[in-house]
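# Structural overview for review
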Amino acid sequence: MPFQTIRWVRAALMAGGAALATTANAQEPGTPIPPISLNYYAGDMGIEHEQSARILADDWARLGLQFDLQPIQFGTFVSTINVGGQLNGMAVPTVGPDPDRLDPTYWLFDSSACGQRRNATKFCDEEYSELAELQRTQTDPAERRETVLRLQQMHYDAAAWWPVTHILSGMVWNSERWDNVTNPAPLAPHEGPTNPWLKAVPLTDDRILDWAHLEDVSSYNPLAEEGAVGWLRFVYDTFAKTDVEGNIVPWAAESWEFTDASTLRVTLREGMTFHDGEPVTADDAVFTLNTAVEIQPPAMVARIGSIERAEMVDELTFDIHLTNPDASFVPTALTFLFILPEHHWADYEGDMVDRDVVADGVAIGSGPFSFRSWRVNEVHELDTHTAHWAAPDYDGIRRLALGQPDAIRAALTDGTADIATLVLPVSAMSDLAMSEDHLEFAEIPTHGSQLVWMNHDAAPFSDPAFRRALRQATNSQRVLIEAYQGFSIAASAGPLPELLSAWYNDDLAPVTFDIDAARAILEDAGYSWDDNGRLLFPAE
């Protein structure tokens, strides 16, 4: 019945049913709650996202709700919903295990405080937001932890948004061609310093690593790209990286230290060069940071918000002056920020964010790979930057934009591709490795999360009781088993993944799937049901 309801709603909408709104923007007391739009990643990011959305809608429909399931391609989803402020109804996104998300600021401030660009739900509680800002400035770890624990309790009580599962990432590779492909947990394979690409060793004369993926790159301009950040960081070095134990370790920066509460002194690694052979200097880093602060690229706003300016100290050393003490700056910003070659950017007179760096021949960084070519929806080619201190022991990497999971599976089977990550369900990667002798599989527990978002600016999502009822009716275990075939991690109770054990609030009570309890929450808040079982707004 619930799936039939979903299909009936969608058919009515396609037929132009004027009585059915796709969003619940206006509350009419005592009237049925209109069908709710439910967005999720389209098939380009794997079938598990649609399966998850259908499972969740199926159980939420048991509360008397109807849903219009709307898949959106990944890049569009990120630009319009994750950071674009265009969430109308509900969404079931997945946020990846990026390095900065090992710090609580991403979950409690960026994604949950008033007015933040990555706060897709528009949740806004002034007291909460002040505390979320405070924890960023608390340089005493014990004091900061107390604030972080309190924030998790407030977030949990408000049911601002909640996790469904946490990502069990995986990778599958050709072990007859490549050796020493390392497990980069707790980060996704493309994010860690010990990622499989940099450590891999070729076993044949083929010294190009072919990575099967989907096309998720929109630009090689790091000021603009928001989706494929990990890929671009192969070309553009970050100042720091995160190791397999979650520690922040030097990368392009050899060292850093706070000289006072609001000044971070950074020393670059000696001997670095850009891909055109020019040396990397503190001048380049200062130019990049000050340019970003001046033009405020949307893709960088969340990471540069506390930077006042950068200032050169000597050829390899510079100071970053912050607007106020920021305890999260090193883990969230140094693992993200990059260095542009000033000699290719200083005289550019156009919009730097819109600059087509490929057409201009300036897709040039200092990372372990240099840009060679890009044919959209076909292939990306990077050459090994042999002057890099962490240069891999092979000649380059090709990213095959294969479009569909079936094509990726076929490419791994016939040997066209050497490795794949993320783009296939983990269960499919495991099955593929079991069926093909030349393939090997590794699973990687991460802090990436599948979440439930809803637009707090619209009824009924603005009602905490409604949100708590839907959280109670969120069947995480069913999603884990049916959508992820068991290759996922049970949801934490609060907004932080439990994998962030140093920050996680163990006092939060687990939320167990219980439809009767969810209906009781709604009834206590004044909701009722009509003769057809549809949920009605509370009558005034």
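Everything discussed here concerns the structure shown above.
Here we summarise the structure given alongside this text. Only a predicted model underlies this, so the values are computations on that prediction, with no experimental measurement involved.

Along the chain, His321 falls in strand S14 (residues 317-322). His321 sits in the buried class, given a relative accessible area of 13%. The residues touching His321, leaving out its near neighbours within four places in the chain, are Ser262, Thr263, Ser306, Ile307, Glu308, Arg309 and Glu311.

With the rule as written, the count across this model stands at 17 aromatic pairs. The interplanar angle of 65° and the centroid separation of 5.6 Å between the aromatic rings of Phe123 and Tyr128 together place this pair among those described as edge-to-face. A cation over an aromatic ring shows up here: Arg233 above the ring of Phe336, its NZ or CZ 4.7 Å from the ring centre. The lysine or arginine in question, Arg519, covers the ring of Trp529, its NZ or CZ lying 4.2 Å from the ring centre.

Now for the sheet that holds strand S11 (residues 253-260). On the basis of which strands lie adjacent, the open sheet formed by four strands has the order S11-S12-S14-S13 and antiparallel pairing. Since the sheet does not close on itself, it has two edges, and those belong to S11 and strand S13 (307-314), each with one partner. For this sheet the average axis-to-axis angle between neighbouring strands, irrespective of direction, equals 20°. Alignment of S13 against S14, held across six bridges, turns out to be antiparallel. Bridged to Ala310 within S14 is Ile320. Packed on one face of the sheet, helix H9 (residues 282-295) meets strand S12 (263-268), S13 and S14 and runs near 165° to S13.

Here the amide bond leading from Ala459 into Pro460 is cis, since omega sits at 0°, within 30 degrees of zero. Examined against the element boundaries, Pro460 turns out to sit in the loop between strand S19 (439-454) and helix H15 (464-472). Here the phi dihedral of Lys122 falls at roughly 65°; this positive angle occurs in a residue that is not glycine. Within the secondary structure, Lys122 is located in the loop between helix H4 (104-110) and helix H5 (126-137).

Definitions and limits used
- Residues numbered from 1 in each chain as written.
- Predicted model: local features only at pLDDT ≥ 70, side-chain atom pairs only at ≥ 80, totals over all residues.
- Heavy atoms only, no water.
- Helix = DSSP H or I, 4+ residues; strand = E, 2+ residues; numbered from the N terminus.
- Buried < 20%, exposed > 50% of the residue type's maximum accessible area, 1.4 Å probe, protein only.
- Contact = heavy atoms within 4.5 Å.
- Phe/Tyr/Trp six-rings, centres within 6.5 Å; stacked < 30°, edge-to-face > 60°.
- Lys NZ or Arg CZ within 6 Å of the ring centre and 35° of its normal.
- Pairing = 2+ DSSP bridges.
- Axes fitted to C-alpha atoms, helices over the stretch in contact; angles between N-to-C directions.

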